[in-house]
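What the coordinates show
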Amino acid sequence: EIARVAGDKNTRTVILDGANSMRRYREDVLGTLRWGVEGDAVLIQFRHPNDDAGRWENAIRLCETRIRRRGFGYQALGGDGGSRRMLWHTANGMEPVTLDDFMDIRAFIEVDMTQDPISVARQALIHLAYHGMVDPRVAQSLTSESAL
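All values reported here derive from a predicted model rather than from experimental measurement.

1. Quick word on the overall build of the protein
If you tally the helices and strands in the protein, you get seven helices and two strands. For the protein, the succession of helices and strands along the chain, N to C, is α-α-β-α-α-α-β-α-α. Counting the 148 residues in the protein, one finds 29% classified as buried. Contacts in the protein between residues far apart in sequence, at least 24 positions, make up 59% of those at least 6 positions apart. Just so you have it, the protein exposes about 10400 Å², and 53% of that area is on carbon and sulfur atoms.

2. A few points about the pattern of salt bridges
Opposite charge on two side chains makes pairing possible when the charged atoms of those side chains draw close. Per the counting criterion, the structure on display carries two salt bridges. For glutamate 57, the salt bridge identified is with arginine 55, shortest N-O distance 2.3 Å.

3. A closer look at the environment of serine 21
In this fold, serine 21 is placed in the loop between helix 1 (2-7) and helix 2 (23-34). According to the relative accessible area criterion, serine 21 is buried, its value standing at 7%. Residues serine 21 and glutamine 45 lie 24 residues apart in sequence; the distance between their C-alpha atoms is 9.1 Å. For serine 21, the residues in contact, after removing those within four places along its chain, are Arg26, Thr90, Gly93, Met94 and Glu95.

4. A word on helix 3 (residues 57-70)
Under the 1.5 Å per step criterion, the end-to-end length of helix 3 is 20 Å for 14 residues, consistent within 8% with the ideal 20 Å. One or two positions beyond helix 3, positive phi appears at glycine 71, with a value near 85°.

5. Details of the nonpolar core
In terms of nonpolar packing, the biggest core is built from nine residues, these being Ala107, Ile109, Val111, Val120, Leu125, Leu128, Ala129, Val134 and Ala139. Every element with two or more residues in this core is listed here: strand 2 (107-112) and helix 6 (117-130). Looking at which element gives the most residues to this core, the answer is helix 6, with four residues. One finds Trp56, Ala59, Ile60 and Ile67 within the second-largest nonpolar core, a separate group that totals eight residues.

6. Considerations on the side chain of asparagine 58
With respect to the secondary-structure elements, asparagine 58 resides in helix 3. If we ignore the near neighbours within four places in the chain, the residues touching asparagine 58 are His48, Asn50 and Asp51.

7. Section: the packing of aromatic side chains
Under the definition given, this model contains one aromatic pair. With a centroid separation of 5.9 Å and an interplanar angle of 80°, the aromatic rings of phenylalanine 102 and phenylalanine 108 are classed as edge-to-face.

8. Topic: helix 6
Taking 1.5 Å as the rise per residue, helix 6 with 14 residues should run 20 Å; its terminal C-alpha atoms sit 20 Å apart, in good agreement. Ser119, Val120, Ala124, Leu125, Leu128 and Ala129 are the residues of helix 6 that are buried. Along its buried surface, helix 6 packs onto strand 1 (42-47), strand 2 and helix 7 (136-142). Capping the start of helix 6, aspartate 116 holds a side-chain oxygen 3.1 Å from the backbone nitrogen of isoleucine 118, two or three residues further along. The first or second residue beyond helix 6 is glycine 132, which carries a positive phi of 75°.

9. Points about the side chain of glutamate 64
Relative to the assigned elements, glutamate 64 resides in helix 3. Contacts of glutamate 64, omitting those with residues within four sequence positions, involve Arg84 and Leu87.

Thresholds, definitions, all that
Residues numbered from 1 in each chain as written. Predicted model: local features only at pLDDT ≥ 70, side-chain atom pairs only at ≥ 80, totals over all residues. Heavy atoms only, no water. Helix = DSSP H or I, 4+ residues; strand = E, 2+ residues; numbered from the N terminus. Buried < 20%, exposed > 50% of the residue type's maximum accessible area, 1.4 Å probe, protein only. Contact = heavy atoms within 4.5 Å. Areas by Shrake-Rupley, 256 points an atom, 1.4 Å probe, with all protein chains shown as cover. Salt bridge = Lys/Arg side-chain N within 4 Å of Asp/Glu carboxyl O. Expected span 1.5 Å × (residues − 1). Core = buried A, V, L, I, M, F, W, Y, C linked by side-chain atoms within 4.5 Å. Phe/Tyr/Trp six-rings, centres within 6.5 Å; stacked < 30°, edge-to-face > 60°. Polar contact = N/O pair within 3.5 Å; in protein donor to acceptor, adjacent residues only side chain to side chain.

Right under this line is the structure:
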């Protein structure tokens, strides 16, 4: 599906929301994009500013709080303690981005997950402009108060 959508000449941007915590997941997506699809891949990682490299305790606590706040209707995580197990399982299986990954991506961006969604979008757009993937004027107009 990724190759079909990304290969469509009318598609300008494909945003894939998925776990990139394990090398094999990243390789599946990047490998698909490698074959005949033009464009650049960017890996965006959501991080809690109080977590040290390779640590995820604060990120997990924040995720749990957000899940509880939504009410336990979030299907992917459930409300029976499954969310806590799944979050810790994902964190414990996290494999850092490697030099091989960097060969296939144009940019690796970390954003502060404690910020509100609009601030996170601003952070990502500013980074994309810095990496030459978004015209700085477009990024500035998209991150203005009236646009968001």
